[in-house]
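These are the residues of each chain, in order.
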Amino acid sequence: MHSGDISSVSSARLGSSNIWRDNGREVFSVSFREEDDEEALKWAAIEKLPSYLRIARGILTEEEGPPREIEIKSLGFLEKRKLLERLLKVAEEDNEKLLLKLKERIDRVGLELPTIEVRFEHLNVNAEVYAGSRALPTVFNFTLNMVEGFLNYLHILPSRKRPLPILHNVSGIIKPGRMTLLLGPPSSGKTTLLRALAGKLDTDLKVSGRVTYNGHGMDEFVPQRTSAYVSQYDLHLGELTVRETLAFSARCQGVGPFYEMLAELSRREKKANIKPDSDIDIFMKYSIYKHFNHVQAASLEGQEASVVTDYALKILGLEVCADTLVGDEMLRGISGGEKKRLTTGEMLVGPARAHFMDEISTGLDSSSTFQIVNSIRQSIHILQGTSAISLLQPAPETYNLFDDIILLSDTRVVYQGPRECVLEFFEHMGFKCPERKGVADFLQEVTSTKDQEQYWADKEVPYSFVTVKEFAEAFQSFHVGRKLGDELSVPFDRAKGHPAALTTKTYGVDKKELLKACMSREYLIMKRNSFVYTFKLTQLILMALITMTVFLRTDMPKETIDDGGIFMGALFFTLVMIMFNGYSEISLTVMKLPVFYKQRDFLFFPAWAYALPTWFLKIPVTFVEVGAWVFLTYYVIGFDPDAGRFFKQYLLLVSINQMASALFRFIGGIGRNIIVASTYGPFALLVVLVLGGFALSRVNVKKWWLWGYWLSPMMYGQNALAVNEFLGKSWTKIPPNSTETLGVQVLKSRGLFPEAYWYWLGLGVTLVYFVVFQFLFSLALAYLNRK
């Protein structure tokens, strides 16, 4: 890109920074410390540069040597590591200092950070579910549910699902700059509430009520990118390391509005003659410049990652396992607690200003939970973020980190307000928390039928069970509940909302970069799964060696139609082997689907950006595998020795292998479960084989099954292979009492079409089927959800 183009692009980006210019005051001051003359001269030179170049450069100060001017993109791994060590030597102690330095730099020029206030009013969520044996994930139920759902959609059959209430008329406010703890017994609706606030509810749920961000409805922005939802399920690709997982997440999520913020910050500092701390300056610029200028490494492998990724590794205590594979059921990897921290970090590396975290302490000890929650608390308080965290039985020291409490029980909100007032409310209701009892445990037990009586405080009044409904109604008249109701009755003033707070773009970076990111990750996964491809190639070579001995050319003359039948069998076996070679795509696809669905729903990338690399990067593998088969068997079996026909068979088998792989990927995509997909996969292959023109010739197929014969992709492949062989010079002999060549007679005896154009027709139809199956696979990824 020419410098003029760069200038125009940057000007366009900086033009959008006006949203930062009207939210603060201009501050004129001098640097808060005396600068070294040489460093001051270098900084003065940087200040003279245009804005887009000023953001790309900084002053690097190290323990040894003079300060030097660097381009942010050229910051090496060791330099980056030393920078982070200077800023965050001990995560527990230095994280707050780092955040305060960032906030101080922003406040000095009067820049306002975006904040988000989340409101939910009269929110009701209900589900319709199957009960009893119909809820089991069997093949029969899967098929029956699909048929019944289709007939129900057409209003032919009534639905047999039963209603299940999840949330009942809940209202509240999640305020910026305050930590909110969501408590409640299991099945109280905590996960559903968090997903509703994050805009990630399943579409088959019935929802009423309203959730707003800064007064804006969910349809006015993109909630999946404005907020970050941390699931309680740890879904990660086992073949990636912890660092690579976080780097991919950061690369896909981008930096949001923070490039414009940094540009405006730099402009104001220049105008006010302020020189920022050099380490803080490089830290901020590097974490943003890496994304905006797309200088991520072509591969995720290795140490290449942004400062934000390394920062997340440090505060989450994942540095010790940063380069360890995540692992899964079949691959040894990190521990369960480390996976839970990785799940949290995967969303923290993004630019979202609102975080909703579901059971992030599962598998963690109390010390680790305290450290993580404390780090989040520091970020929320200092940088004015928005956060609601669900914890199961938090320790007292962790509980005390929160500012607000939301207590859910039996689908209702029992309490929502300051932590300091929650015990007052329950004492008002006649229940008291014992001195040595954890408050969080008390809150989750006091609404329980089994445990409530032990907390009854007024012994002079006979105890009677207080229902959740009575608690919820009493809270409305409690002073905290009245104050909350008054706040909800006054609509949020949209004029106070920062223009950059809500995201309106669907994806964090442009789609070309998302495709490159998915391509890099898929290539890395293929490298880590190289054993699978090596095993497949070895298996194919072994079968080729066996095939060479069975169909050895010394015992295969070309004199009669029966001789042609033997060659026809060799071609059919070749076709079957090449098609079966793609069967592993079912398991490879299904294993990665849970992670795909999570990242798709978080708007990391579109479905097509994930689907394209799954076949494109495997094209060289197909050429090698098919080449191994053809080069070993073609001349040994004794097919027509013409070199042109040799390469035409090779090309046809490559397209057939690609078509079969796309077919099995599609089956995996619609099955979404290894049991279901492995059931329908062999069934589809059986239908394709039976109607492929060899097991049953065209003349033997029943009339009502002829449509299947013409639709079978294997029929076209079989006919094309046969035409390529039997119209060759080896089969030009004309038997006695005949006007046709031996090759034509062999083709007609098997009910195949003897015209030469059938080779190109078969090749073309095979490629069309490949495109169709790949397109259907992309549609399945885009529109189907997890079961």
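Overview of the structure. (Residues numbered from 1 in each chain as written. Predicted model: local features only at pLDDT ≥ 70, side-chain atom pairs only at ≥ 80, totals over all residues. Heavy atoms only, no water.)

1. Things to note about the sheet that holds strand 3 (residues 118-129)
Ordered by their spatial adjacency, four strands build an open sheet running 4-3-6-7, and the pairing between neighbours is antiparallel. Sheet topology places strand 4 (162-174) and strand 7 (216-217) at the edges, where each strand pairs with a single neighbour. Note that strand 3 and strand 6 (residues 206-213) share seven bridges and pair antiparallel. Bridge pairing in strand 6 places Phe120 opposite Val211. Against the sheet, helix 7 (residues 190-197) makes contact with strand 3, strand 4 and strand 6, and its axis sits at roughly 120 degrees relative to strand 3, the strand it touches most. Running over the sheet, helix 19 (residues 479-489) touches strand 3 and strand 4 and is turned about 85 degrees from strand 4. (Pairing = 2+ DSSP bridges. Helix = DSSP H or I, 4+ residues; strand = E, 2+ residues; numbered from the N terminus. Contact = heavy atoms within 4.5 Å. Axes fitted to C-alpha atoms, helices over the stretch in contact; angles between N-to-C directions.)

2. Some words on unusual backbone geometry
Its identity as a non-glycine residue notwithstanding, Asn273 has a phi of 60 degrees, on the positive side. Mapped onto the secondary structure, Asn273 falls in the loop between helix 10 (258-271) and helix 11 (278-292). Unusually for a residue other than glycine, Thr411 sits at a positive phi of about 70 degrees. Considering the arrangement of structural elements, one finds Thr411 in the loop between strand 11 (404-409) and strand 12 (412-418).

3. Overview of helix 9 (residues 242-253)
Taking 1.5 Å per residue, twelve residues should reach 16 Å; helix 9 reaches 17 Å between its end C-alpha atoms and fits that length. With twelve of its twelve residues buried, helix 9 lies for the most part within the structure. Burial in helix 9 covers these residues: Val242, Arg243, Glu244, Thr245, Leu246, Ala247, Phe248, Ser249, Ala250, Arg251, Cys252 and Gln253. One or two positions beyond helix 9, positive phi appears at Gly254, with a value near 70 degrees. (Expected span 1.5 Å × (residues − 1). Buried < 20%, exposed > 50% of the residue type's maximum accessible area, 1.4 Å probe, protein only.)

4. Regarding empty space enclosed by the protein
By the definition in use, this model includes eleven cavities of 30 Å³ or more. There is about 840 Å³ of room inside the largest cavity. In terms of lining residues, the largest cavity is bounded by 32 residues, among which Phe258, Leu348, Gly350, Ser379 and Leu383 are the most central. Elements with a contribution of two residues or more to the lining of the largest cavity: helix 5 (91-108), helix 10, helix 11, helix 12 (307-315) and helix 14 (366-383). (1 Å grid on protein atoms, 1.4 Å probe; cavity = no way out; pocket = protein on both sides within 12 Å on 5 of 7 lines; lining within 4 Å. Points joined across faces, edges and corners; volume = space filled by probe spheres on them.)

5. Digging into the sheet that holds strand 11
As summarised here, the arrangement of the six strands in space is 8-9-10-5-11-12, forming an open sheet in which the pairing is mixed. A strand with exactly one partner marks an edge of an open sheet, and here the two such strands are strand 8 (227-230) and strand 12. Geometrically, the sheet is characterised by an average inter-axis angle of 15 degrees between neighbouring strands, direction not taken into account. As paired strands, strand 5 (residues 179-183) and strand 11 are joined by four bridges and run parallel to one another. Within strand 11, the position partnered with Leu182 by the bridge is Ile406. Packed onto the sheet, helix 7 meets strand 5, strand 8, strand 9 (354-358), strand 10 (386-390) and strand 11 and runs at close to 160 degrees relative to strand 9. Lying on the sheet, helix 18 (residues 468-477) is in contact with strand 11 and strand 12; it crosses strand 12 at an angle near 35 degrees.

Functional significance is not addressed by these values, which are geometric in nature.
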